[in-house]
Amino acid sequence: MRYQKSRKKFTKIVVLLLLIAIETVIVIWQQGLEKVEEECYQPVGRLVEVNSHQVHMVEKGKGKPIVVFLTGSGTPCAYTDFYPLQQELSKSAKTITFDRPGFGWSEKTQVERTIDHQVMELEKILSYTSKAKSYVLVAHSLASLEALRFAQQYPEQVKGIVFLDCGSPEFYKEDSETKSVAINRACAFLRVSGLNRLVSGLVKPSFVGEDIRYKNLPEELKKLDLSMYNRFLGDPDNLENILMMNENAETVLSNKKKMDIPFLVLSSDQDTGWTETQKQLGEWSTNYQQIVLKDSSHYIHWSNTDEVIALINDFIKDKH
């Protein structure tokens, strides 16, 4: 009996040590691949100096207004996230995408992620592109705060705002930062442990839109997009942005007044409560339209790409 107990204990120890060894190899493998991919995939746009760090931006097309895409929380790469929209809309307007600090090809920053710092950085990025300060902002999710705050500070420059399944400042003031941090940390574990990379060849998670984005990208961009996803899922550079969510929403709310700027709110139909929340954005504009797209997801520009492109094209036609 004592022998059997000792043998079971020994077996458990061996299995545990084996699992630790396997996981160690996977972690080293993940870190090694990140470095290889960083060298392999070079910036597709240009790097500009913003607050002593380099920001990667991609410009495409000509004309006015300039369509500026603002990524939501934790988006790994703006270039692939907005790729089909930028490709199509650049046929009739100048378009700009840029990576958040620490994501894509942009450098990390030590600058506090207050909403006013974000707006200051956006204004600096835009100063590199054109003397014609005439913008339509296209914001996804949490980027609604940045779009609204930019419009508060530079109302004469903003000709319109398109919200892609965005929450309102009223919503983000009360939304749980703890919940968002927990999701970020869970994603970080999957990335650092290498588990995410192990399964990403078979399963692309829907909660970050990767299941739709990867499938719909052209073949030459799929490897780049998957690399960015595996490198930046749950990245800690997004933590401060999450932890500032309630405070940033309060800043926008404390400066609330109705704007004479057209709003187009494109909402998903997955959650009635979430769609209702977006109606609050109508209180911010004298010219507001909300459209709920059928069979859509939170990454509405991927689940309903053609509809979104057509609606934005119609929206910018008279904004010259």
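Up top is the structure.
Rules behind the numbers
Residues numbered from 1 in each chain as written. Predicted model: local features only at pLDDT ≥ 70, side-chain atom pairs only at ≥ 80, totals over all residues. Heavy atoms only, no water. Helix = DSSP H or I, 4+ residues; strand = E, 2+ residues; numbered from the N terminus. Buried < 20%, exposed > 50% of the residue type's maximum accessible area, 1.4 Å probe, protein only. Contact = heavy atoms within 4.5 Å. Pairing = 2+ DSSP bridges. Axes fitted to C-alpha atoms, helices over the stretch in contact; angles between N-to-C directions. Core = buried A, V, L, I, M, F, W, Y, C linked by side-chain atoms within 4.5 Å. Parallel < 35°, antiparallel > 145°, perpendicular 65-115°, else oblique. Nonpolar A, V, L, I, M, F, W, Y, C, P; charged D, E, K, R; others polar. Polar contact = N/O pair within 3.5 Å; in protein donor to acceptor, adjacent residues only side chain to side chain.

A. Spotlight on the environment of Leu137. Examined against the element boundaries, Leu137 turns out to sit in strand β5 (residues 135–140). On the basis of relative accessible area, Leu137 is assigned to the buried category, the value being 0%. Separated by ten residues in sequence, Leu137 and Ala147 have C-alpha atoms that sit 6.5 Å apart. The residues touching Leu137, leaving out its near neighbours within four places in the chain, are Val68, Leu70, Ala147, Phe150, Val158, Gly160, Ile161 and Val162.

B. Structural context of the sheet that holds strand β3 (residues 66–70). Here we have eight strands laid out as an open sheet, ordered β1-β2-β4-β3-β5-β6-β7-β8, and mixed in their pairing. This sheet does not close on itself; its edge strands, each paired only once, are β1 (46–50) and β8 (288–293). With direction set aside, neighbouring strand axes in the sheet form an average angle of 25°. Inspection of the sheet shows strand β7 (residues 263–268) paired to β8 by six bridges, in the parallel sense. Residue pairing in the sheet places Phe263 in a bridge with Tyr288 of β8. Strand contacts of helix α5 (residues 144–153): β3, β4 (95–98), β5, β6 (158–164) and β7, with the helix running at about 165° to β6, the strand carrying the most contacts.

C. Structural context of the nonpolar core. Membership of the largest hydrophobic core comes to 40 residues, with the highest contact counts inside it found for Val68, Leu70, Leu137 and Ile161. Setting aside residues up to four positions removed in sequence, Ile161 forms contacts with Leu137, Ala147, Ala151, Ile261, Pro262, Phe263, Leu264 and Phe315. Counting residues in each nonpolar core, the second largest holds 19 residues, with Val67, Phe82, Ala93 and Val308 among its members.

D. Highlighting the packing of helix α4 (residues 115–127) against α5. Interaxial distance between α4 and α5 falls to 9 Å at its minimum, and their mutual angle equals 75°. By the angle between their directions, the pair α4 and α5 is classed as roughly perpendicular. Every residue of α5 that contacts α4 at Ile115, Asp116, Gln118, Val119, Leu122, Glu123 and Leu126 is listed here: Leu145, Glu146, Arg149, Phe150 and Gln153. Grouping the amino acids of the contact of α4 with α5 by side-chain chemistry returns six nonpolar, two polar and four charged.

E. View of the side chain of Asn248. Within the secondary structure, Asn248 sits in helix α12 (residues 245–254). Polar side-chain contacts of Asn248 include one of 3.2 Å to the backbone oxygen of Arg113. What Asn248 contacts, discounting residues up to four positions off in sequence, is Arg113, Thr114, Ile115, Gln118 and Leu145.

Treat this as a map of the structure, not an account of what it does.
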